[in-house]
Amino acid sequence: MERTYRLRDLIKRGVVDLFYVFREEFRNVFRDSGVLIFFFLVPLAYPVLYAFIYNKEVVHEAKLVVVDLCDTYSSREFIRRVDATGDVRVVHVCADMREAREWVDRKKAYGILSFPPSFSADLHRGEQTRVSLYCDMSSLLFYKAFLLSATEVSLEMGAEMRARNIPSSTTEMERITIDPIPYDSIALFNPANGFASFLVPAILALVIQQTLILGIGMLGGTARERNRFRGLVPLTRHYGGTLRVVMGRALTYLTLYALVCLWVLWIVPRLFSLPQVGQPMTIVLFVLPYLLACVFFAMTLSGFLTSRESPMLVFVFTSLIFLFISGVSWPLSAIPPFWKAFGYLVPSTPGIQGFIRINTAGATLNEVAHEYRVLWLQAGFYFITSCLVYRLQIILSRRRMFRRYREMRMLRQRRRLHEESRDA
């Protein structure tokens with residue numbers, strides 16, 4: 001009975017301490033304006049900002065200049081059809097390439113379409129001709145608009161010329177000659193074929209991880225600065241157990257970021273009409289291990305920070321790195337093995353891949369089972385590492401306290417001996 005009572009009393013005290021740590025960490029978050037910025041203002045503003053910037057999805061009316069050295073009906077018809085497309089606008093016809101390059105250098109245009117002098121003659125002789133397209137590669141969206149428009153016009157005019165050279169008895173046969181195999185281009189899971197639908201969901205998932213790292217890192221740096229013995233954990237009765245400290249603080253961050261995730265991953269995509277075909281319960285079940293992994297990952301990193309400014313200096317630049325190795329902006333299969341392995345140490349890599357497949361492509365948990373298992377493994381691994389980091393901080397703080405106590409005791413003894421020798 002006595003042993004059972006002691007165990008029950010120990011569990012009760014642990015639960016009380018856990019909620020005490022939860023309450024104190026909650027207060028620390030709302031007392032720190034810098035942490036409030038990372039936990040609330042950044043997740044509130046950044047997704048909206050990115051969605052606003054890329055809200056047009058695709059580039060329309062990209063400026064193009066033309067160098068028409070042929071100046072015939074065929075070349076002018078080609079130019080007219082290119083200008084008639086929704087993605088390109090011909091702003092000027094230049095006399096030569098020198099003038100065209102000046103337009104591009106001054107950013108009055110972003111591409112040059114050049115026709116050789118023999119363009120029309122080659123077509124009428126039934127020979128192959130060439131149209132040169134020069135693009136400003138500072139933006140791939142301009143290149144895409146110019147290339148697709150010029151390619152579609154060249155295929156359309158080429159088919160019409162073949163039909164004229166092969167007489168047809170009926171209109172239907174002429175239509176078949178021009179377009180023997182009709183095709184439809186369908187962009188799966190991205191109907192607008194736009195940049196926002198492609199990139200913004202990855203940024204939304206990454207914002208959760210990065211703001212947690214910066215906010216928890218700032219809280220850890222502040223604790224190291226304010227605590228008497230420069231420890232991550234204050235040496236009080238309620239902070240004596242490692243597990244209760246880690247779980248109490250993690251519960252605080254999970255409670256706050258449940259609302260943040262609702263805004264970032266659910267409301268923002270709906271506000272800007274981004275593709276969102278995943279089942280809500282599937283998203284919730286997937287986000288849970290992702291959020292746990294991010295929290296414990298951030299808590300582990302916070303143990304190595306000694307000041308409030310350290311997270312800004314150490315972790316801000318990693319956002320681009322984590323986005324690149326996530327397999328969104330560059331195919332995961334083309335990433336070098338070292339960076340691919342490094343990517344699986346970071347929760348954002350499987351988190352972004354799985355979230356996009358669920359939210360944008362409508363995948364189920366079975367179809368993202370690999371990423372789901374990796375996130376649970378990361379959550380368990382970083383929970384253990386965060387416990388080790390906090391336990392080490394508690395031990396070091398106690399050692400500093402005992403060392404300080406011995407130094408003060410020895411100082412008092414020396415002072416007493418000095419006073420006794422002086423009195424003698």
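Refer to the preceding data block for the structure.
Residues numbered from 1 in each chain as written. Predicted model: local features only at pLDDT ≥ 70, side-chain atom pairs only at ≥ 80, totals over all residues. Heavy atoms only, no water.

Caption draft 1: Quick peek at the nonpolar core. Grouped together as the largest cluster of nonpolar side chains are 73 residues, with contacts concentrated most on Phe 39, Ile 208, Leu 212, Tyr 253, Leu 265 and Met 299. Where this core is concerned, the elements lending two or more residues are helix H1 (2-31), helix H2 (33-53), helix H8 (195-226), helix H9 (242-271), helix H10 (280-302), helix H12 (318-324), helix H14 (348-359) and helix H15 (369-423). Sort the elements by how many residues they give to this core and H8 lands first, with 16 residues. If you look at the next biggest cluster of nonpolar residues, it comprises 19 residues, including Val 66, Leu 123, Met 157 and Met 161. (Core = buried A, V, L, I, M, F, W, Y, C linked by side-chain atoms within 4.5 Å. Buried < 20%, exposed > 50% of the residue type's maximum accessible area, 1.4 Å probe, protein only. Helix = DSSP H or I, 4+ residues; strand = E, 2+ residues; numbered from the N terminus.)

Caption draft 2: Broad picture of the pattern of salt bridges. Counted by the stated rule, this structure contains 13 salt bridges. Across the pair Asp 17 and Arg 244 runs a salt bridge whose closest N-O atoms are separated by 2.6 Å. Of this pair, Asp 17 sits in helix H1 while Arg 244 is found in helix H9, placing the two residues 227 residues apart along the sequence. For Asp 17, a relative accessible area of 1% translates into the label buried. Residue classification places Arg 244 among the buried positions, given a relative accessible area of 17%. Arg 27 is the salt-bridge partner of Glu 24, the closest N and O atoms lying 3.2 Å from each other. Residue Glu 24 and its partner Arg 27 are both found in helix H1; the two are separated by 3 residues, about one turn of the helix. On the basis of relative accessibility, which here comes to 15%, the residue Glu 24 falls in the buried class. A residue is classified by how much of its surface remains accessible, and Arg 27, at 40% relative accessible area, is partly exposed. (Salt bridge = Lys/Arg side-chain N within 4 Å of Asp/Glu carboxyl O.)

In short, geometric facts, not functional conclusions.
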